[in-house]
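Below, each chain spelled out in residue letters.
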Amino acid sequence: MGVTTVRLVLGDQLTRGLSSLADLRPGDPAQVVLMVEVQEEATYVPHHRQKLVFILGAMRHFAEELRAAGVRVDYVRLDDPANTGTFTGEVARAVARHKATRLIVTEAGEWRVRRLIESWEASLGIPVEMREDNRFIASHARFDRWASGRKTYRMEFFYREMRRETGILMDGADPVGDQWNLDAENRRALPSRLPIPARSRPAPDVMTREVIDLVAERFPHGFGDLEPFGWAVTRDEALVVLDDFLMTCLPSFGDYQDAMRHGAPFLFHSTISPYLNVGLLLPREVCDAAEAEFRAGRAPLNAVEGFVRQVLGWREYVRGMYWHLGPKYAASNALGASRPLPDFYWTAQTPMRCLADSVDQVRRHAYAHHIQRLMVTGNFAMLAGVRPADVEAWYLAVFADAFEWVELPNTHGMATWADGGIIASKPYAASGAYIDRMSDYCGGCRYDVKAKSGPTACPFNYLYWAFLIRNEEILKGNPRMAMPYRTLGTWNSGRRAAVLAEAETFLDGLA
Ligand code: DLZ
Ligand code: SF4
């Protein structure tokens, strides 16, 4: 009997050059690519229904593409009556079905699934080869070389090394424009009349329609609108979205990267993170494409550097940190946050217009841009003292691009400071004034962003000061928090108590 090799491709590994497919010979009947749709993955958090359609749709299209290239693909659908519903069950069935003598898989994107894979050699009784995920610019070894022995892990220094090493936006040994980071030029408020470009959003084909029907039937009460569904599910479609971004949005992306406008979910953002995170696009190619726009004089440096910083800097950094810090990272709760996640994160039913708009948009599109995630939904959760695990499960569920390697450092570290400062040197806490400066939300809000207390005051205002008072012992010594604590130092105890009481009353009212 010959050797049959089964190569398992996970739902976020949809790349032809994937390490587990590297030595695959199309046309060889002893080589089987296995892809499985499993209930376990569809339910480990209550995913947005568009996220389910996106991943299963992209998996089915990728399987077709492999078949068209002559690869033998064994594809198990979610509604196959024999489907056991788990990766472990489906791999075991496939090994038996093909009398496999060897399993190859590219490492998973999170500890939970990595541990499953590590258990298979013993349970299946055949060799299991786990290969490194070659779709990141920095390998584990490369990142660990940077991170090991460091006291602080600031993205900026890692980012500079990546720029030097890849040559992206470099003129010889120097950064283009003699500046590494143009973040200060990424914070313009959006002029109210500035038109926002219409976006290219692919229409679902017959195969994706089938998945929409499947998800509608299986998850009738799941979170999130199913339609309109406008995510790309193939590499070709994702490339069209990328081109559209480069041509119509990139030139203004830098200026308005942090801006928000009511009813405008995409603004000048690329919306390609889901495609990068499931492998339809690769980080190096999108950075190169953006740099080419700068070199051709079609996009300014603050836009292109801002984009490259997100992909080559931040994305690689959080991925490196996720694996470097290990599975215990998620357990910390530096600020002792203990409230449950308010219901309006699912219903959008709140008079706070910034939050209602952000959540409503997430429900409609499985998408929010980084400032909505950080400074609206994240900031509120931190100020309100919501349990980190609740916040993280929400972020992991509702965004089309969310996988734990990227979600956890962003939420646990950046947005809620639950890690006590490993990722972010200070909590990104802000009162209503920040949201007012960066958006048009406050004008139409029932609350008054200028009022600090009283029934019409913007809740972000008293929640912000109550947050600083509650966490004074932990945060006061942080040099980046010196300014607000100087202000707080001028408050008498009566004023402090009043703010704490107002915040408590508001938060108790949410439960
Ligand atoms: C997120 C997801 C979902 C919803 N469904 C599947 C699936 O049915 N089959 C699959 O292979 N992958 C799926 N995924 C992606 C996996 O959850 C992802 O590969 C792991 O989270 C990475 O560790
Ligand atoms: Fe949000 Fe406060 Fe502005 Fe209302 S007033 S939109 S709650 S920041």
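Quick summary incoming for the structure in this document. This is a predicted model, so every value here is computed, not measured. All residue numbers refer to position in the chain's written sequence, counted from 1. The lettering of chains begins at A and the numbering of ligands begins at 1, in the order of writing. The model is predicted, so local features are restricted to residues of pLDDT at least 70 and side-chain atom pairs to those at 80 or more, both for listing and for counting; the totals for chains, interfaces and linings are taken over all residues. Based on all heavy atoms of the structure, the side-chain values leave hydrogens and waters out of the count.

1. Re the site of ligand 1
One heavy atom within 4 Å of a molecule or strand makes the whole residue count as near it. Inspection of the region around ligand 1 gives 20 residues, with Asp12, Val36, Val38, Glu41 and Glu110 positioned closest. At a separation of 2.7 Å, a nitrogen atom of ligand 1 approaches a polar backbone atom of Val36. Nitrogen and oxygen atoms within 3.5 Å of one another constitute a polar contact, given that in protein one can donate a hydrogen and the other can accept it, and given that sequence-neighbouring residues count only through two side-chain atoms. Val38 has a polar backbone atom sitting 2.9 Å from an oxygen atom of ligand 1. Detection works on a 1 Å grid of protein atoms alone, calling trapped sets that fit a 1.4 Å probe cavities and calling open sets with protein on both sides within 12 Å along at least five of seven lines pockets, with lining residues defined by an atom within 4 Å of a point. Molecule-in-pocket calls rest on the fraction of atoms, with more than half required to lie within 2 Å of the cavity or pocket grid points. Using a 2 Å cut-off from the grid points, one finds that ligand 1 occupies the largest cavity. Secondary-structure elements contributing two or more residues to the shell around ligand 1 are helix H1 (39-43), helix H2 (49-68) and helix H4 (111-124). At 4 residues, H2 tops the list of elements feeding residues into the shell around ligand 1. Each residue gets one of three labels, nonpolar for Ala, Val, Leu, Ile, Met, Phe, Trp, Tyr, Cys and Pro, charged for Asp, Glu, Lys and Arg, and polar for the others, Gly among them. Here the residues of the shell around ligand 1 are counted per class, giving 12 nonpolar, 3 polar and 5 charged. Per the convention used, a helix needs a DSSP run of H or I reaching at least four residues, while a strand needs a run of E reaching at least two, with both numbered from the N terminus.

2. Details of the packing of aromatic side chains
Each pair of aromatic rings taken from Phe, Tyr and Trp, with Trp reduced to its six-membered ring, is defined by centres within 6.5 Å and is described as stacked if the planes are under 30 degrees apart, edge-to-face if over 60, and tilted in the remaining cases. Counting across every chain of the model gives 32 aromatic pairs. Judged by centre distance (5.1 Å) and plane angle (65 degrees), the ring pair of Phe143 and Phe158 falls under edge-to-face. Of this pair, Phe143 sits in helix H5 (residues 140-147) while Phe158 sits in helix H6 (residues 155-166), and the two are 15 residues apart along the sequence. Since its relative accessible area comes to 2%, Phe143 is described here as buried. Consider the rings of Phe380 and Phe506, whose centres lie 6.4 Å apart with planes at 75 degrees: the pair is edge-to-face. Within this pair, whereas Phe380 is found in helix H15 (residues 370-384), its partner Phe506 is found in helix H22 (residues 493-510), the two being separated by 126 residues in sequence. One exposure class covers both Phe380 and Phe506, and it is buried. Ring pairs connect the aromatic residues Phe344, Tyr345, Phe380, Trp394, Tyr395, Phe399, Phe460, Tyr462 and Phe506, which therefore count as one cluster. By definition here, charges over rings are those cases where NZ of Lys or CZ of Arg is within 6 Å of the ring centre and within 35 degrees of the ring normal. Lys51 extends its terminal NZ or CZ atom over the ring of Phe403, reaching a point 5.6 Å from the ring centre. Relative accessibility under 20% of the residue-type maximum defines a buried residue, over 50% an exposed one, and the middle range a partly exposed one, all with a 1.4 Å probe and only protein chains included.

3. Side note on the site of ligand 2
Looking at ligand 2, the residues that line it are Met352, Arg353, Cys354, Gly432, Ile435, Tyr441, Cys442, Cys445, Tyr447, Val449, Cys458 and Phe460. Mapped onto the shell around ligand 2, the elements with two or more residues apiece are helix H14 (353-365) and helix H18 (432-438). Residue composition of the shell around ligand 2, by class: 10 nonpolar, 1 polar and 1 charged.

4. Focus on the layout of surface pockets
Rolling a probe over the atoms, with the probe sized like a water molecule, indicates the empty space that remains. Grid points are joined across faces, edges and corners, and a volume is the space filled by probe spheres set on the points. In this structure, the second largest pocket encloses a volume near 190 Å³. Around the second largest pocket, the lining is made up of 19 residues, and of these Leu335, Ala337, Ser338, Gly385 and Arg470 lie nearest the centre. Elements supplying a minimum of two residues to the lining of the second largest pocket: H15, helix H19 (459-470) and H22. Of the residues assigned to the lining of the second largest pocket, the class counts are 10 nonpolar, 6 polar and 3 charged.

5. What to know about empty space enclosed by the protein
Scanning all chains against the criterion turns up 6 cavities of 30 Å³ or more. A volume near 340 Å³ is recorded for the largest cavity. Every residue lining the largest cavity is counted, 24 residues in all, and those nearest its centre are Gly11, Glu41, Ile55, Phe87 and Phe403. For the lining of the largest cavity, the secondary-structure elements that each account for two or more residues are H1, H2 and H4. Considering each element in turn, the lining of the largest cavity owes the most residues, 5 residues, to H2. Considering only residue class, the lining of the largest cavity consists of 14 nonpolar, 3 polar and 7 charged. Taken as a whole, the second largest cavity holds about 150 Å³ of empty space. At the level of elements, helix H10 (273-278) and helix H12 (301-325) are the ones that each hand at least two residues to the lining of the second largest cavity.

6. With respect to unusual backbone geometry
Following Glu227, the chain continues into Pro228 via a peptide bond in cis, with omega recorded as 0 degrees. In this fold, Pro228 is placed in the loop between helix H7 (206-218) and helix H8 (235-248). One non-glycine residue, Lys99, lies in positive phi territory at about 50 degrees. Locating Lys99 in the fold gives a position in the loop between helix H3 (87-98) and strand S4 (102-106). Residue Lys99 is classed as exposed on the basis of its relative accessible area, which comes to 54%.

Distances and angles like these do not, on their own, reveal function.
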